[in-house]
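Residues per chain are reported as follows:
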Amino acid sequence: MKPMTSEANENAENTPAIDALDWSADELGGGFEHAVLDLGPDPEGEGENNAVLVKAPGESEAGKPALLWVHGMSDYFFQTHVAEHFTAQGYPFYAIDLHKCGRAHREGQRWHHTNDMATYFGELTEATRLIAEKHGGVIPLAHSTGGLIVPLWLDHLRRTDKDTHALVKGMILNSPWVDMQVPRWQVRVLRPVVKLGAKIAPDMKLPVSGEATYGESIYKGLNGNWDFDTDKKRLGGHDKYVGWLAAVLDGQSTLHDASTDAAVPTLTLCSTHSYLGKPYSPAADTADTVLDVAQIQKWAPQLTTSAHETRPIPGALHDVFLSQPHARDLAFAAVDAWLDKLDAPEV
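Keep in mind the model is a prediction, meaning the values are calculated, not measured.

(A) Local environment of the side chain of Asp261. By secondary structure assignment, the location of Asp261 is in the loop between helix 8 (242–256) and strand 8 (266–271). This buried residue, Asp261, is left without a salt bridge; Arg158 holds the nearest opposite charge, at 4.4 Å. Only 2.6 Å separates the side chain of Asp261 from the side chain of Thr305, close enough to count as a polar contact. Residues in contact with Asp261, not counting those within four places in the same chain, are Leu154, Asp155, Arg158, Leu303, Thr304 and Thr305.

Below is the structure:
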């Protein structure tokens, strides 16, 4: 092999590390690509972990931060229309399938399983550094359980890694899972029971997943309008375990602590009402069938000491960007207006 010329060496040094990843055509087609981030051994002993970074096609405008989609539980990135909306406005768009989730799941691993939400912090940090090196900054757009993980991660960065925290210019939360969707007295009873169960039998499977109505309301093959891989995103949700539930409860408790602070400007989107614990009916087509929106509206403003805006969207689903057209347009308009304010120069 011939040695690299000085010009080639200079070009290699100036190439952002993200462009040097092994990108390949993604299952979404249409110019979407993905690259694997190796993470090392799984903390739960289920082989080697990796995350998968997905990149949307399109030209970006200089100075605009990249959006990074972070999916929810029993989920993965398939919302190409969201990427197309923001890339059309010049925003670079990426998504990450977290370890054991979606494209990143490997044989022998429990789908989406973790005993500690902090296990996701490393891959979010790596993705952010890679993306920001090229685009200057990152705005996570986090859905459901992703909306639990991202504020916890940002609080961790604020305390331990201010340089990476500075790369995050804001966060957008899409129906974040900031509390259990049951009465407060039930949570008080549940918390110590689950904590003890996680010590004794963390791998005990939970009896229900609670996502069937939502799956039926969005899947094109049933009552919805969206097509997706039902192995990666099972209509009734993936199996869940006591150790995972303990991690969720612990993460939510941390978010409720007054000392927790994501410390970035934040926009929270959610529906105006919930439809919980009921079988599918047309009422599920215009409501959050997974989370209690009153809890979201209560806790979301407390996640950051920076500017925060909460925008309830009439008729929105749990993923507001999978809603019927009118609600979906309202959600996009809310994000567009927030991004415009975020990008506006200070006077």
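(B) The confidence of the model for the chain, seen in detail. The pLDDT averaged across the chain works out to 92; a share of 95% of its residues lies at or above 70. Note on residues 1–12: pLDDT under 50 across the span, and 2 contacts to partners over four residues away in sequence or across chains.

(C) Just unusual backbone geometry, in detail. A positive phi angle is found at Ser144, which is not glycine, with a value near 55°. Within the secondary structure layout, Ser144 lies in the loop between strand 6 (138–143) and helix 4 (146–160). You can call Ser144 buried: its relative accessible area is 7%.

(D) Quick look at the pattern of salt bridges. Counted by the stated rule, this structure contains 19 salt bridges. One salt bridge in this structure joins Lys232 and Asp229, with 3.0 Å as the shortest N-O distance. Taking the relative accessible area as the measure of exposure, Asp229 reaches 26% and is therefore partly exposed. Taken together, the shared-partner salt bridges in this structure form one network comprising Asp42, Glu44, Glu46, Lys100, Arg110 and Asp203.

Criteria and cut-off values
- Residues numbered from 1 in each chain as written.
- Predicted model: local features only at pLDDT ≥ 70, side-chain atom pairs only at ≥ 80, totals over all residues.
- Heavy atoms only, no water.
- Helix = DSSP H or I, 4+ residues; strand = E, 2+ residues; numbered from the N terminus.
- Buried < 20%, exposed > 50% of the residue type's maximum accessible area, 1.4 Å probe, protein only.
- Lys, Arg positive; Asp, Glu negative; His and termini not counted.
- Salt bridge = Lys/Arg side-chain N within 4 Å of Asp/Glu carboxyl O.
- Polar contact = N/O pair within 3.5 Å; in protein donor to acceptor, adjacent residues only side chain to side chain.
- Contact = heavy atoms within 4.5 Å.
- pLDDT = per-residue confidence, 0-100.

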